[in-house]
Amino acid sequence: MTESEETFYTADRWQNWLDRVAEEDLDPENEDSARLLLNLQDDTAIAVAKIVSAYDDDRLTEEEATDEIADVRDIVLAEAEFEDEEKAMLIDGVQTSLVCVFYAAEEYVVGGPAEEGSVAEYVEAAAAAEAEEDVDAALGYLVQAGTRIIDGEDLPMDVVEDLEYGLVSEWVNGLDSLQSAMSDPEVVEEDDE
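Keep in mind that this is a model prediction, so the values were computed, not measured. (Residues numbered from 1 in each chain as written. Predicted model: local features only at pLDDT ≥ 70, side-chain atom pairs only at ≥ 80, totals over all residues. Heavy atoms only, no water.)

Moving on to the pattern of salt bridges. Applying the stated criterion to the full structure yields six salt bridges. A salt bridge links aspartate 32 to arginine 35; its shortest N-O distance comes to 2.9 Å. Here arginine 35 and aspartate 32 lie together in helix α2 (residues 31–56), a separation of three residues that amounts to about one turn. One network of salt bridges, in which partners are shared, links Glu31, Asp32 and Arg35. (Salt bridge = Lys/Arg side-chain N within 4 Å of Asp/Glu carboxyl O. Helix = DSSP H or I, 4+ residues; strand = E, 2+ residues; numbered from the N terminus.)

Laid out in structure tokens, this is it:
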């Protein structure tokens, strides 16, 4: 670690979110339930944004940054145990959305932002790849889009609104959280209600 010894995310923090989800009577159609899930997702994206920012500010080396991203990924993508199958599915949806965030951050740290193509072009290419059932290519395109978002390019909402529901729309949802986190990396309060 660097001399700052920053802690970007902890297993306890993730568990606190999972405990809140377990305690709540969740209904995806309910605004409060949707906000809780979005806050959980945004909180993770903020941690990733802070790691990338620390790397950009030379407070972390490339290796330290990729290790930190991997640590957060391992915490967040570990299987969550819920007796309630619907809650497990909702958390799985959040985890799916965040997969692209982790890969985009790692790619940005290791290779920098994609040099060709816009975010819109990458999102459109990902949707086309998904339509051809080439999920790996779709994820690859969105990782490139994510590196450009980290670099300051906006995710065009008109393109996002045209997406069919599927993995690409889930991953783009995560990139939207990443974009918000990059522009305003404030901590989401776990008890903001």
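Further remarks concern the nonpolar core. One finds Ile91, Val123 and Leu142 to be the most contacted residues of the largest nonpolar core, which totals 54 residues. Elements supplying a minimum of two residues to this core: α1 (11–23), α2, α3 (62–77), α4 (85–111), α5 (119–131), α6 (135–150) and α8 (167–183). Residue contributions to this core peak at ten residues, all from α4. Look past the residues within four positions of isoleucine 91 in its chain and what remains in contact with it is Trp14, Leu18, Val21, Leu37, Leu40, Ala80 and Phe82. (Core = buried A, V, L, I, M, F, W, Y, C linked by side-chain atoms within 4.5 Å. Buried < 20%, exposed > 50% of the residue type's maximum accessible area, 1.4 Å probe, protein only. Contact = heavy atoms within 4.5 Å.)

Following the sequence through the fold, alanine 129 ends up in helix α5. For alanine 129, a relative accessible area of 9% gives the class buried. For the pair alanine 129 and tryptophan 14, spaced 115 residues apart in the sequence, the C-alpha separation amounts to 32 Å. Contacts of alanine 129, omitting those with residues within four sequence positions, involve Asp134, Ala137, Ala138 and Tyr141.

Geometric descriptors of this kind do not, in isolation, establish any biological role.
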